[in-house]
Amino acid sequence: MLVDSLGMRFVLVPAGEFTMGSEEPVDALAAAYPDLERRRFQEIGDEAPAHRVRITRPFYLGQHEVTVGQFRRFLERSGYVPESVADGTGGYGYDPAYDPAKSARGDAFAGRDPKYSWRNPGFAQGDDHPVVNVTWNDAVAMARWLGETEGATYRLPSEAEWEYACRAGTRTRYHGGDDPGVLPRVANLFDADAQPYWPRWSTHALAGHDGFAFTAPVGSFAPNAFGLYDMHGNAWEWTADWHDERYYARSPPDDPPGPASGTVRVRRGGSWHSWPFYARCAYRNWNTPQTRYALVGMRLLREVAGPLRTEADRSFRIMAATIQPEPGP
């Protein structure tokens, strides 16, 4: 475990190999998610082909999503101004009077509006909740400042690193299994607690109560086998990669860096407002780097520089021994 100057805790993720992506048949998905229209299962071609990926270097990944308090300390110490404030257009936020049916794009939240930002997504948050309404550029700025401050390399994880860390040695839809019924134990998603605020989507609510209608304090649910919390739900997490629906067919097997260019950046993991289908390990979503939304936050990666220290090396060996390799394709 490593703790930095902002109080962010990092877990050492060992190098390894896994199968990235998914090629689940439509019939299997339709049976698992009977509340969804069949067309939704035909819109995830960018998850294929499933392919073997080797992560050749260990890395530190935030044990939790970046919190409101950590982001505030970054702003206070760096002088950085988030895009939602700097450009004067604000972010998005929950407004009980807002009707998404009247929106041209069908947005679930009101905005952009200067009254919404990382400080105010329209619902109450404590310093231990995941920060949202941050852009990809905000995330990169925070990583860059931390790197300069800590004398280490901070960055957003690649898609491959993110999915590898999320799966933590599994090949199931979620790190806890295939059944969406496992999710209330490991994820803050759209469930019976959130449903009263969004009656339009009540049929998509996850059965059961996780105790939170909006964001939850980070670490409120069970971690995966790597000791990472909220890899499903709570807040979507920016990754470093541009999105290209055909990239998987040509990506290199070792440490794929993502496409060299694009127009939108990938976000992963789902949020407190997501339906179970969209919180799967393999699901890919995207937005422009300037997007700020009440569902989107971040988790940072810190690279391992030079020989691992004794304590970290011991943790690495223990973790590598406990994560069993999955069978080949």
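Everything below is about the structure printed above this text.
Residues numbered from 1 in each chain as written. Predicted model: local features only at pLDDT ≥ 70, side-chain atom pairs only at ≥ 80, totals over all residues. Heavy atoms only, no water.

Quick question: what am I supposed to make of the environment of Ala15 here?
Structurally, the position occupied by Ala15 is in the loop between strand E2 (9–13) and strand E3 (16–20). Each C-alpha atom, one on Ala15 and one on Pro58, is 4.5 Å from the other, the two residues being 43 residues apart in sequence. (Helix = DSSP H or I, 4+ residues; strand = E, 2+ residues; numbered from the N terminus.)

Would you mind going over the sheet that holds strand E10 (residues 265–268) with me for this structure?
Across a sheet, paired strands are connected by hydrogen bonds in the backbone, their directions being either parallel or antiparallel. A sheet is described by the order of its strands in space; here four strands give the open sequence E11-E10-E9-E12, paired in mixed fashion. Because the sheet does not close on itself, it has two edges, and the strands there are strand E11 (285–287) and strand E12 (296–297). Bridge count for strand E9 (residues 236–242) against E12 is two bridges, and the pairing is parallel. Looking at the pairing, Trp236 lines up with Val296 of E12. (Pairing = 2+ DSSP bridges.)

Would you mind showing me how to read the nonpolar core here?
Here is a general trend for soluble globular proteins: nonpolar side chains tend to be buried in one another's company. Membership of the largest hydrophobic core comes to 60 residues, with the highest contact counts inside it found for Phe71, Phe109, Met142, Trp198, Met298 and Leu300. Secondary structure elements with two or more residues in this core: E2, helix H2 (68–78), helix H4 (136–150), helix H6 (183–186) and E9. For this core, the element with the most residues is H4, which contributes six residues. Within the second largest apolar cluster, 21 residues are counted, among which are Ala160, Tyr164, Met231 and Tyr247. (Core = buried A, V, L, I, M, F, W, Y, C linked by side-chain atoms within 4.5 Å. Buried < 20%, exposed > 50% of the residue type's maximum accessible area, 1.4 Å probe, protein only.)

Help me understand the pattern of salt bridges, please; the structure alone is not making it clear to me.
Once the charged atoms of two side chains with opposite charge are near each other, the side chains can pair. Taken as a whole and judged by the stated rule, the model has 22 salt bridges. Put simply, Arg72 and Asp127 hold a salt bridge, and the shortest N to O gap is 2.5 Å. Remark: Asp127 occurs in the loop between strand E7 (110–113) and H4 and Arg72 occurs in helix H2; sequence separation between them is 55 residues. Here Arg72 falls in the partly exposed class, since its relative accessible area comes to 24%. Of the residues examined, Asp127 reaches a relative accessible area of 43% and is grouped as partly exposed. Where Arg112 meets Asp87, a salt bridge forms, and the shortest distance between an N and an O atom there is 3.9 Å. Of the two residues, Arg112 is situated in strand E7 and Asp87 in the loop between helix H3 (83–86) and strand E6 (91–93); the sequence distance between them amounts to 25 residues. Taking the relative accessible area as the measure of exposure, Asp87 reaches 36% and is therefore partly exposed. One salt-bridge network, in which partners are shared between bridges, spans Glu159, Glu163, Arg167, Arg268 and Arg284. (Salt bridge = Lys/Arg side-chain N within 4 Å of Asp/Glu carboxyl O.)

Please explain the packing of aromatic side chains as it appears in this structure.
For any pair of aromatic rings, the description consists of the separation of the ring centres together with the inter-plane angle of the planes. Throughout the structure, instances matching the rule amount to 28 aromatic pairs. On the basis of an interplanar angle of 65° and a centroid distance of 5.1 Å, the ring pair of Phe109 and Trp198 is categorised as edge-to-face. With a gap of 89 residues between them, Phe109 in the loop between E6 and E7 and Trp198 in the loop between H6 and E9 connect regions that are remote in the sequence. Residue classification places Phe109 among the buried positions, given a relative accessible area of 1%. Measuring from ring centre to ring centre gives 5.4 Å for Phe109 and Tyr293, while their planes differ by 85°; the resulting arrangement is edge-to-face. Here Tyr293 lies in the loop between E11 and E12 and Phe109 lies in the loop between E6 and E7, a separation of 184 residues in the sequence. Look at Tyr293 and you get buried, because its relative accessible area is 13%. (Phe/Tyr/Trp six-rings, centres within 6.5 Å; stacked < 30°, edge-to-face > 60°.)

What should I look at first to understand empty space enclosed by the protein in this one?
Following the criterion strictly, the structure yields one cavity of 30 Å³ or more and no others. Roughly 50 Å³ of internal volume is contained in the largest cavity. Forming the boundary of the largest cavity are Met20, His51, Glu159, Ala160, Asp241, Tyr247, Tyr248, Ser251 and Pro256. (1 Å grid on protein atoms, 1.4 Å probe; cavity = no way out; pocket = protein on both sides within 12 Å on 5 of 7 lines; lining within 4 Å. Points joined across faces, edges and corners; volume = space filled by probe spheres on them.)

Just checking my understanding: could you explain the side chain of Arg267 for this structure?
Residue position: Arg267 is located in strand E10. Look at Arg267 and you get buried, because its relative accessible area is 8%. Aside from chain neighbours lying at most four places away, what touches Arg267 is Trp236, Glu237, Trp238, Thr239, Arg284, Asn285, Trp286, Asn287 and Val296. (Contact = heavy atoms within 4.5 Å.)

Got a minute to help me understand unusual backbone geometry in this structure?
Negative phi values dominate among residues other than glycine, just as trans dominates among peptide bonds. Following Ala48, the chain continues into Pro49 via a peptide bond in cis, with omega recorded as 0°. Take Pro49: it is sitting in the loop between helix H1 (26–32) and strand E4 (51–55). A cis amide bond links Gly111 with the next residue in sequence, Arg112, at an omega value of -5°. The phi torsion at Asp230 lies on the positive side, around 60°, for a residue other than glycine. The topology assignment puts Asp230 in the loop between H6 and E9.

Explanation requested: the pairing of strand E5 (residues 59–62) in the structure shown.
The alternating pattern of E5 places Phe59 and Leu61 and Tyr60 and Gly62 on opposite faces, both of which are buried. Bridge count for E2 against E5 is four bridges, and the pairing is antiparallel. For Val13, the partnering residue across the bridge sits in E5 and is Phe59.

Mind showing me how you'd approach the sheet that holds strand E8 (residues 154–155) here?
Strand order in this open sheet of five strands is E1-E2-E5-E13-E8, and the pairing throughout is antiparallel. Looking at strand neighbours, the two that pair on one side only are strand E1 (2–3) and E8, the edges of this open sheet. Bridge count for E8 against strand E13 (residues 301–303) is two bridges, and the pairing is antiparallel. What sits directly across from Tyr154, in E13, is Arg302. Contacts from helix H5 (residues 159–167) reach E2, E5, E8 and E13, with the element oriented near 75° to E5. (Axes fitted to C-alpha atoms, helices over the stretch in contact; angles between N-to-C directions.)

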